[in-house]
Amino acid sequence: MSSKPELSAMDIESVSKSYYTALSMVHDLTTELYERVHGHEGTPILDEDVLHVFIQNYKKIVRGELDMIKSAAKQYNESRG
């Protein structure tokens, strides 16, 4: 029997990787949103209905990524007992 403590299902490095993955996606999505709210020539889109759709889609995905962060922390904490 080893005297080393068993690794938890979610170690601290895995938590950090989960945070990075989620926030990297948020960063990419934010860049994509910035590009989407501008036309081909770089002029801002001013149609509020179009902007609403873009923003709603963005928020939906970002919320999922932020939930991933909370989930990773919760899983880590639960594995520690």
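Calculation notes
Residues numbered from 1 in each chain as written. Predicted model: local features only at pLDDT ≥ 70, side-chain atom pairs only at ≥ 80, totals over all residues. Heavy atoms only, no water. Salt bridge = Lys/Arg side-chain N within 4 Å of Asp/Glu carboxyl O. Helix = DSSP H or I, 4+ residues; strand = E, 2+ residues; numbered from the N terminus. Buried < 20%, exposed > 50% of the residue type's maximum accessible area, 1.4 Å probe, protein only. Core = buried A, V, L, I, M, F, W, Y, C linked by side-chain atoms within 4.5 Å. Contact = heavy atoms within 4.5 Å. pLDDT = per-residue confidence, 0-100. Axes fitted to C-alpha atoms, helices over the stretch in contact; angles between N-to-C directions. Parallel < 35°, antiparallel > 145°, perpendicular 65-115°, else oblique. Lys, Arg positive; Asp, Glu negative; His and termini not counted.

A few points about the pattern of salt bridges
Argument step 1. Per the stated rule, a full pass over the model turns up three salt bridges.
Argument step 2. The residue lysine 74 makes a salt bridge to glutamate 78 at a minimum N-O spacing of 4.0 Å. One end of the pair is lysine 74 and the other is glutamate 78, both in helix α2 (residues 48-79) and four residues apart, which spans about a single turn. For the pair shown, lysine 74 and glutamate 78 are each scored as exposed.

Section: the nonpolar core
Argument step 1. Counting eight residues, the largest nonpolar core consists of Val26, Leu29, Leu33, Val37, Leu51, Phe54, Tyr58 and Val62.
Argument step 2. Mapped by element, the contributors of at least two residues to this core are α1 (12-36) and α2.
Argument step 3. Looking at this core element by element, the count peaks at four residues for α2.
Argument step 4. When neighbours within four sequence positions are excluded, valine 26 is seen to be in contact with Tyr58, Val62 and Glu65.

Some thoughts on the environment of lysine 70
Argument step 1. Considering the arrangement of structural elements, one finds lysine 70 in helix α2.
Argument step 2. For lysine 70, a relative accessible area of 57% translates into the label exposed.
Argument step 3. Measuring from C-alpha to C-alpha, the distance between lysine 70 and tyrosine 19 comes to 9.0 Å, with 51 residues separating the pair along the chain.

Digging into the confidence of the model for the chain
Reading predicted coordinates in detail is not appropriate for stretches of low pLDDT.
Argument step 1. Summing up the model confidence of the chain, the mean pLDDT is 90 and the portion of residues at 70 or higher is 89%.
Argument step 2. Predicted confidence for residues 1-7 stays below pLDDT 50, and this span has zero contacts to residues more than four positions away or in other chains.

A closer look at the packing of α1 against α2
The axes of two packed helices give the description: the angle between them and the distance between them.
Argument step 1. At a minimum axis separation of 9 Å, α1 and α2 run at an interaxial angle of 175°. In terms of orientation, α1 and α2 fall into the roughly antiparallel class.

Here we look at the environment of threonine 21
Argument step 1. With respect to the helices and strands, threonine 21 occurs in helix α1.
Argument step 2. With a relative accessible area of 43%, threonine 21 lands in the partly exposed category.
Argument step 3. Along the chain, threonine 21 and glutamate 65 lie 44 residues apart, while their C-alpha atoms are 8.5 Å from each other.

Some words on the side chain of glutamate 65
Argument step 1. In this fold, glutamate 65 is placed in helix α2.
Argument step 2. Despite its burial, glutamate 65 pairs with no opposite charge, the nearest such side chain being lysine 60 at 12 Å.

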